[in-house]
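# Structural description and commentary
Okay, here's what each chain looks like letter by letter:
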Amino acid sequence: MKKIFSILSSILILISSSALTSCSDKESDKVEIGAITFTPEAGVVMADDTVTFSCETEGVSFYYVFDNVRISAENFPKYEGRTNGTTKADSCTIDKNHTVYVVAQDAAGNLSKRYSASYSISGTENTALYFGNPSNATTDSNATDYLTNYLLEEATYTVSFNNETHNPNWVGWHLCSTDLGSGRYDGDFMQNPKLPDEFYKVRHTDYTNGNFDRGHMCPNADRNSNDEDSKGTFYTTNIVPQTANNNQKVWATLENYERTLVSSGANEAYIFSGPYYNDSFKATDKEGTEVIYLSGKTTPTDGTCIKVPTSTWKIIIAFESGEEDRTRITAEDTTVIAVKIPNRHDVGSDWKSYICTIDDIENLTGYDFFAALPDAVENALEATVYSE
């Protein structure tokens, strides 16, 4: 009996050892696909630039898709060639702002993880997007932030517009001496016909009796070289509700100063401005009443609610006039101004009292300004605190 038990025990041990060895062998047969690298790396590129994919594992094929986060890694080969599906290639062309998702597959069918990189298209020199698109604003109706980050490119400035606040998120423009002149427009603010049908188009009268100014982000006086450019700043997509003491005093003083930086022709400037909202620190109207929405509206669904910013911010970089701006900007020779001004009736009149840094505004808004600059230059500019 003891002999039979010993034989059975030996058999069980052999079976057990065989099972363990088989499991171990199966695990060791599993192939791990290496990391995917994008060249160039994520960031600002020129229109129609090519992005190539490479992998630590040799001999793999690549599948990519633009902007479609819903396709899981294991489905990339299956979705090749479908509408909004993947493409099998080792490179892609960036023709507009895109996030590129890529999966690698080896000859045995093993798949990598899904990797991604986001790219924004640089504008032409002397336009707002020359240094990149701060929020990756888009006209793509399939984008998740289409309604809140819509890209409007006007003739002389650029806007990211928000259909929830009914205000621009930011407005950007280039400024030089030839933009200044005596052009005039004496009419009302206009609805912007470029907005998609599903967007509310703010009217001049939406501000009537609202106790706030129609505050230009890109100032009329920065665009008055001719009547047409002057008129172009009067779209309601270029204004936010500002207190009179903000708009007509401290904000206007800074606008005047930015023009003095370029008026001689020796310098040029790139400028961004926009609103910021903090419901724990409300704006106040000319009567000192705290408000969140224009004209006494109390909730976003209470009619057409234009949200009132708690502050307005502006960024200015000014440097010697010339060409190939990206390659010649230095932190030492660039004037950097960043301000965040409370949108309250009791705001002070000196904009220098509200100096901050570009980093501060990026931290508040989540935007990435001047991303096309070399990192060392960008970081130095964005940490600069203005002083005379």
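Residues numbered from 1 in each chain as written. Predicted model: local features only at pLDDT ≥ 70, side-chain atom pairs only at ≥ 80, totals over all residues. Heavy atoms only, no water.

Before going further, it helps to examine the overall build of the protein. Helix and strand content of the protein: 6 helices and 18 strands. In the protein, which comprises 388 residues, the proportion classed as buried is 47%. Here the analysis covers contacts within the protein between residues at least 6 apart in sequence; of these, 68% occur between residues at least 24 apart. Only carbon and sulfur atoms are counted for the fraction: they give 47% of the accessible area of the protein, which is about 19100 Å². (Helix = DSSP H or I, 4+ residues; strand = E, 2+ residues; numbered from the N terminus. Buried < 20%, exposed > 50% of the residue type's maximum accessible area, 1.4 Å probe, protein only. Contact = heavy atoms within 4.5 Å. Areas by Shrake-Rupley, 256 points an atom, 1.4 Å probe, with all protein chains shown as cover.)

Inspection of the entire model under this criterion finds 11 salt bridges. In this structure, Asp 222 engages Arg 259 in a salt bridge whose closest nitrogen and oxygen atoms are separated by 2.7 Å. Placement of the pair is Asp 222 in the loop between strand S12 (213-216) and helix H2 (227-232) and Arg 259 in helix H3 (residues 244-262), with a sequence separation of 37 residues. For the pair shown, Asp 222 and Arg 259 are each scored as buried. For Lys 314, the salt bridge identified is with Glu 258, shortest N-O distance 2.9 Å. Residue Lys 314 is located in strand S17 (residues 311-320), and its partner Glu 258 is located in helix H3; the two are separated by 56 residues in the primary sequence. Accessibility expressed as a relative area gives 1% for Glu 258, which makes it buried. (Salt bridge = Lys/Arg side-chain N within 4 Å of Asp/Glu carboxyl O.)

Over the atoms rolls a probe the size of a water molecule, and in doing so it shows where empty space is left. Under the criterion given, the structure shown has 1 cavity of 30 Å³ or more. For the largest cavity, the calculated volume is near 30 Å³. Around the largest cavity sit Asp 279, Lys 282, Ala 283, Val 291, Ile 292, Val 308 and Thr 310, which together line it. Here the residues of the lining of the largest cavity are counted per class, giving 4 nonpolar, 1 polar and 2 charged. (1 Å grid on protein atoms, 1.4 Å probe; cavity = no way out; pocket = protein on both sides within 12 Å on 5 of 7 lines; lining within 4 Å. Points joined across faces, edges and corners; volume = space filled by probe spheres on them. Nonpolar A, V, L, I, M, F, W, Y, C, P; charged D, E, K, R; others polar.)

The subject of this paragraph is the sheet that holds strand S5 (residues 87-88). Strands sit in the order S2-S8-S7-S4-S5 across an open sheet of 5 strands; the sheet is mixed. Edge positions in the sheet fall to strand S2 (43-45) and S5, since each has one partner strand and no second. Here strand S4 (residues 61-66) pairs with S5 via 2 bridges, running antiparallel. By the bridge assignment for S5, Tyr 64 is matched with Thr 87. (Pairing = 2+ DSSP bridges.)

To continue, consider the layout of surface pockets. Roughly 750 Å³ of volume is contained in the largest pocket. Phe 66, Asp 67, Asn 68, Asp 140 and Ala 143 are the residues nearest the centre of the largest pocket, which is lined by 24 residues in total. Going through the elements one at a time, S4, strand S7 (98-105) and strand S8 (115-121) are the ones with two or more residues in the lining of the largest pocket. Residues belonging to the lining of the largest pocket are distributed by class as follows: 7 nonpolar, 12 polar and 5 charged. One number sums up the size of the second largest pocket: a volume of about 430 Å³. Lining the second largest pocket are 29 residues, and of these Gly 123, Leu 129, Leu 151, Glu 153 and Thr 158 lie nearest its centre. At the level of elements, strand S9 (150-153) and strand S11 (167-175) are the ones that each hand at least two residues to the lining of the second largest pocket. With 3 residues, the top contributor of residues to the lining of the second largest pocket is S11.

Here the focus is the sheet that holds strand S6 (residues 91-94). Here we have 3 strands laid out as an open sheet, ordered S1-S3-S6, and antiparallel in their pairing. Since the sheet does not close on itself, it has two edges, and those belong to strand S1 (36-39) and S6, each with one partner. The average undirected angle you get between the axes of adjacent strands in this sheet is 25 degrees. In this sheet, strand S3 (residues 49-55) lies alongside S1 in antiparallel orientation, the contact comprising 4 bridges. When the sheet's bridge partners are listed, Phe 38 is paired in S3 with Phe 53. (Axes fitted to C-alpha atoms, helices over the stretch in contact; angles between N-to-C directions.)

Per the stated rule, a full pass over the model turns up 23 aromatic pairs. Where Trp 313 meets Phe 369, the ring centres are 5.6 Å apart and the plane angle is 65 degrees; that geometry is what we call edge-to-face. Of this pair, Trp 313 sits in strand S17 while Phe 369 sits in the loop between helix H5 (358-365) and helix H6 (375-382), and the two are 56 residues apart along the sequence. For the pair Trp 313 and Phe 369, one class covers both residues: buried. (Phe/Tyr/Trp six-rings, centres within 6.5 Å; stacked < 30°, edge-to-face > 60°.)

Before going further, it helps to spend a moment on H6. The complete set of buried residues in H6 reads Val 377, Glu 378, Leu 381 and Glu 382. What you see down the axis of H6 is that its buried residues fit within an arc of 120 degrees, all on one side. Opposite its buried face, H6 presents the exposed residues Asp 375 and Ala 376, each directed more than 90 degrees away. On its buried face, H6 is in contact with strand S18 (335-342) and H5. (Arc of directions from axis to C-beta.)

Turning our eyes to something else, we now look at the confidence of the model for the protein. Averaged over all residues, the pLDDT of the protein is 89; the fraction at 70 or higher stands at 90%. With pLDDT under 50 throughout, residues 1-5 is counted as low confidence; its partners more than four residues away or in other chains account for 0 contacts. Overall, residues 7-28 carries pLDDT values under 50, and its contacts beyond four positions in sequence, including any with other chains, amount to 0 contacts. (pLDDT = per-residue confidence, 0-100.)

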